[in-house]
Amino acid sequence: DGYYNSQSNPDVFKAFGRIERKLRCCGANDARDYRSWRNDLPLTCCQDSYYRATCEFTDKEANERLGCAKVASVYTKIISSSVAGASLIISLLEIAGVVLAWKLFNSLQEVEHYITERKEGETEC
């Protein structure tokens, strides 16, 4: 949506350009998305854009770049998988902590039982 709104709003176009630079993508689906309303590609679609004045539709590297929707989808899947893996590890550590706490509690009960038996069986001299 941001890409299609960027045609009329220069601030949105700048923001979309930052996304293209960060994710190394071009257009929403691919470089052809710009054909309907531009004569050339934005510089963010070309890798060496710092050394150029324009980025053309004939630029091989720009045309080989994936669209930002695809790249963002893959990026989101990677991040969510990492978060899910970290959550699983933390959950397993918490379960291990509960099991160890339960074992400690049970061992303390055995020690307490031993101490009370010994006190009851003691005789004074």
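So, how was this worked out
- Sequence positions are assigned chain by chain, starting from 1 and proceeding in written order.
- Residues qualify for local features only when their pLDDT is at least 70, as the model is predicted, and side-chain atom pairs are given and counted only at 80 or more; totals for whole chains, interfaces and linings, by contrast, use all residues.
- Only hydrogens and water are set aside when side-chain values are computed; all heavy atoms of the structure are taken into account.
- UniProt positions are given in the numbering used here, feature names are shortened, and annotations may be inferred rather than shown by experiment.
- The term salt bridge refers to a side-chain nitrogen of Lys or Arg lying within 4 Å of a carboxyl oxygen of Asp or Glu.
- Burial classes follow relative accessibility: with a 1.4 Å probe on protein chains only, a residue under 20% of its type's maximum area counts as buried, one over 50% as exposed, and anything between as partly exposed.
- Labels follow the DSSP assignment, with helices taken as runs of H or I lasting at least four residues and strands as runs of E lasting at least two, numbered in each case from the N terminus.
- The definition of a polar contact used here is a pair of N or O atoms within 3.5 Å, where within protein one atom must be able to donate a hydrogen and the other to accept one, and adjacent residues in sequence count solely through side-chain atom pairs.
- Contacts are assigned to residue pairs that have any heavy atoms within 4.5 Å of one another.
- Two cysteine sulfur atoms form a disulfide, by the criterion used here, when they sit within 2.5 Å.

The name an unreviewed UniProt entry gives the chain is Tetraspanin, with Papilio polytes as the organism. Turning to the chain, the UniProt record has this under Subcellular location (unreviewed entry): "Membrane".

**Q** Please give an account of the pattern of salt bridges that cites residues and values.
**A** Within this structure, the stated rule accounts for one salt bridge. A salt bridge links Asp30 to Arg32, with the nearest nitrogen and oxygen atoms 2.4 Å apart. For Arg32, a relative accessible area of 56% corresponds to the exposed category.

**Q** Got a sec to walk through unusual backbone geometry? Specific residues and values, please.
**A** Even without being glycine, Arg24 reaches a positive phi, approximately 55°. On the secondary structure map, Arg24 appears in the loop between α2 (10-23) and α3 (60-64).

**Q** Describe the UniProt feature "transmembrane region" (unreviewed entry) in the chain, with residues and values.
**A** As recorded in UniProt, the feature "transmembrane region" (unreviewed entry) lies at residues 83-105. The distance separating the terminal C-alpha atoms of residues 83-105 is 33 Å; by composition the span is 100% helix and 0% strand.

**Q** Requested: an account of the side chain of Arg65, with residues and values cited.
**A** For Arg65, the position within the fold is in the loop between α3 and α4 (68-121). Look at Arg65 and you get buried, because its relative accessible area is 10%. Within the structure, Arg65 has its side chain in polar contact with the backbone oxygen of Thr44 (distance 3.0 Å). Dropping the residues within four chain positions of it, Arg65 is found in contact with Glu20, Arg24, Cys25, Cys26, Asp30, Thr44, Cys45, Cys46 and Gln47.

**Q** Go over the state of the cysteines, please, and point to the residues and values.
**A** Applying the stated criterion to the full structure yields two disulfides. Linked covalently through their sulfurs, Cys25 and Cys68 form a disulfide whose S-S length is 1.9 Å. Judged by the torsion about the S-S bond (85°), the Cys25/Cys68 disulfide is right-handed. Taken together, the positions of Cys25 in the loop between α2 and α3 and Cys68 in helix α4 put the pair 43 residues apart, joining distant regions of the chain. Its relative accessible area of 0% is what places Cys25 among the buried residues. Residue classification places Cys68 among the buried residues on the basis of a relative accessible area of 5%. The disulfide that involves Cys26 links it to Cys45, with 2.0 Å between the sulfurs. The chirality of the disulfide connecting Cys26 with Cys45 is right-handed, given an S-S dihedral of about 90°. Here Cys26 is found in the loop between α2 and α3, whereas its partner Cys45 is found in the loop between α2 and α3, with 19 residues between them in sequence.

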